[in-house]
Amino acid sequence: MDLRICQRSSLSLVLLLQILMLLQVGTARPKKPEPQQEQADSVNAVITDTTGTLLLALIDRIEQMETEIQILKKGQQEMRKKGFNGPTHLDGIPVLNVEGPLPLDCHEIKRRNPQATNGLYNIKPRGGFDITTAYCDMVTTGGGWTVIQRRMDGSEDFNRDWRDYSRGFGNPTYEHWLGNEWLNLLTQQYRYKLRVELVDWDGIKRYAEYSGFEIGSRRQDFRMRFDDYIAGNASDALAYHKGSSFTTSDKDNDDTTSVNCATVHNGGWWFKSCDRVNLNGLYYTRGTYNGQWDDGIEWKLEDGPPFHSLRSTEMKIKPM
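Residues numbered from 1 in each chain as written. Predicted model: local features only at pLDDT ≥ 70, side-chain atom pairs only at ≥ 80, totals over all residues. Heavy atoms only, no water.

Some words on the overall build of the protein
A count of helices and strands for the protein gives six helices and 16 strands. Residues classed as buried in the protein amount to 46% of the 320 residues present. In the protein, the proportion of contacts linking residues at least 24 apart, taken out of those at least 6 apart, comes to 55%. Roughly 16,800 Å² of accessible area belongs to the protein as shown, and the carbon and sulfur atoms make up 52% of that amount. (Helix = DSSP H or I, 4+ residues; strand = E, 2+ residues; numbered from the N terminus. Buried < 20%, exposed > 50% of the residue type's maximum accessible area, 1.4 Å probe, protein only. Contact = heavy atoms within 4.5 Å. Areas by Shrake-Rupley, 256 points an atom, 1.4 Å probe, with all protein chains shown as cover.)

Written out as structure tokens, the structure is:
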């Protein structure tokens, strides 16, 4: 259990205990004239016994929670003494070390160490209790980018369910999705910008940057918001998806009633009706394809068929 949750729960129980004690005091009523006195005494006795039982139960629970808090505190102190900063390797790939407390994102790593290089780093976004490992781009336009998605060779299956997209999957060095829960935590810390890099099968590179990128909470179905297209040589295709909730094959949040867009496009995304952009679709090993649905990796310039699919993509964020 999170230490902060324990502390808040303990305080709430103490408050409830105080209220019950006041109620118990309130049961000491003045004597009423006969013949009501015997009935009033009986009611007071029942109230007193019930309140007393609740008070004892609450006292016991508060003592238990105080013990839990002390255990959690001790555990945190031991972790700090051991210098625990997350895993040192991920699938055999070294995770680079950062001196000092765990950073909030890759931008903080670059700020603390301007000589930091590309690679895996452990980060702990504000508001979260866990640690995650992310790939940091320390070169592009000054570095400090936290990479949140990558497609490069089709080695990872992106046709995943809601749970997988929430928690993230893949290896951050290669094809991966960082996880919608992490995107929500990250983008609540500062005002972020999103950079999307696209490479087609002719080797042509394009990119697009957006200001004010933010992902809502799980309760908000990880709704995507951003402000403006601020730089790039790619089209502003992502504008179509502004304000959309995230959809997977097992959780349909898109705007169309005829199909589940994630099912027919083979990957989770912020679908509308259905898309102009989908970077989590099927990985085709050629630039064009035909079919009933445009289910490849797409940043649309025009509608097909034939449909166009990208060779590689990368999504990354950093504070503005």
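Focus on the state of the cysteines
Evaluated as defined, the whole model comprises two disulfides. The disulfide partner of Cys-106 is Cys-136, and the S-S distance across this bridge is 1.9 Å. Judged by the torsion about the S-S bond (-70 degrees), the Cys-106/Cys-136 disulfide is left-handed. With Cys-106 in helix 3 (residues 106-112) and Cys-136 in strand 4 (residues 132-137), the pair connects residues that are 30 residues apart, well separated along the chain. An identical accessibility class is assigned to Cys-106 and Cys-136; each is buried. Disulfide pairing is shown between Cys-261 and Cys-274; the S-S distance is 1.9 Å. Around the S-S axis, the bridge from Cys-261 to Cys-274 shows a dihedral of about -85 degrees and counts as left-handed. Of this pair, Cys-261 sits in helix 6 (residues 261-264) while Cys-274 sits in the loop between helix 6 and strand 12 (277-278), and the two are 13 residues apart along the sequence. Judged by relative accessible area, which is 0%, Cys-261 ranks as buried. (Disulfide = S-S within 2.5 Å.)

Here's the deal with the pairing of strand 5 (residues 145-151)
The element strand 5 is largely enclosed, with a buried count of seven among its seven residues. Alignment of strand 4 against strand 5, held across three bridges, turns out to be antiparallel. Bridge assignment links Cys-136 to a residue of strand 5, and that residue is Thr-146. Bridge count between strand 5 and strand 16 (residues 312-319): five bridges; the pairing is antiparallel. For Gln-149, the partnering residue across the bridge sits in strand 16 and is Met-315. (Pairing = 2+ DSSP bridges.)

A closer look at the packing of aromatic side chains
This structure, assessed with the given rule, holds 16 aromatic pairs. Arranged with centres 5.0 Å apart and planes meeting at 75 degrees, the rings of Phe-158 and Phe-169 form a pair that is edge-to-face. Here Phe-169 lies in strand 6 (residues 169-170) and Phe-158 lies in the loop between strand 5 and helix 4 (162-167), a separation of 11 residues in the sequence. Accessibility expressed as a relative area gives 2% for Phe-158, which makes it buried. Relative accessible area serves as the criterion here: at 6%, Phe-169 is assigned to the buried category. On the numbers, 5.2 Å between centres and 85 degrees between planes, the contact of Phe-246 with Trp-270 is edge-to-face. Remark: Trp-270 occurs in the loop between helix 6 and strand 12 and Phe-246 occurs in the loop between strand 11 (229-232) and helix 6; sequence separation between them is 24 residues. Of the two residues, Phe-246 and Trp-270, both sit in the buried class. Clustering of aromatic rings is evident, with ring pairs tying together Phe-158, Trp-162, Tyr-165, Phe-169, Trp-177, Phe-222, Phe-246, Trp-269 and Trp-270. Over the aromatic face of Tyr-190 sits the side chain of Arg-126, whose NZ or CZ is 5.6 Å from the ring centroid. (Phe/Tyr/Trp six-rings, centres within 6.5 Å; stacked < 30°, edge-to-face > 60°. Lys NZ or Arg CZ within 6 Å of the ring centre and 35° of its normal.)

Looking at the nonpolar core
Most often, soluble globular proteins keep nonpolar side chains buried together rather than apart. In terms of nonpolar packing, the biggest core is built from 48 residues, with Trp-177, Leu-279 and Trp-299 touching the most fellow members. If sequence neighbours within four positions are ignored, Leu-279 has contacts with Gln-149, Arg-151, Val-196, Leu-198, Trp-269, Ile-297, Glu-298, Trp-299, Leu-310, Thr-313 and Met-315. Counting residues in each nonpolar core, the second largest holds five residues, with Ile-93, Val-95, Leu-120 and Tyr-135 among its members. (Core = buried A, V, L, I, M, F, W, Y, C linked by side-chain atoms within 4.5 Å.)

Here we look at the pairing of strand 9 (residues 205-215)
Sheet analysis places strand 8 (residues 192-199) next to strand 9, joined by eight bridges and oriented antiparallel. In the sheet register, Val-199 faces strand 9, and the bridge partner there is Lys-205. Counting the residues between successive antiparallel strands, the hairpin from strand 8 to strand 9 contains five residues, one of them, Gly-203, with a positive phi of roughly 85 degrees. In this sheet, strand 11 lies alongside strand 9 in antiparallel orientation, the contact comprising three bridges. Each residue of the ladder has a partner; that of Tyr-210, found in strand 11, is Tyr-229. Where strand 9 lies against strand 10 (residues 224-225), two bridges are found, and the strand directions are antiparallel. In the strand pairing of strand 10, Ile-215 is matched with Met-224.

Observations concerning the pattern of salt bridges
According to the stated counting rule, one finds 17 salt bridges in the structure shown. The residue Glu-108 makes a salt bridge to Arg-112 at a minimum N-O spacing of 2.7 Å. Of this pair, Glu-108 and Arg-112 both sit in helix 3, separated by four residues, roughly a single helical turn. Residue class for Glu-108 comes out buried when judged on its relative accessible area of 12%. We note a salt bridge from Arg-195 to Glu-197, for which the minimum N-O separation is 2.7 Å. Ionic contacts of the salt-bridge type, sharing partners, join the residues Asp-137, Arg-150, Lys-193, Arg-195, Glu-197, Glu-209, Glu-314 and Lys-316 into one network. (Salt bridge = Lys/Arg side-chain N within 4 Å of Asp/Glu carboxyl O.)

The values reported here are purely geometric and, on their own, carry no functional implication.
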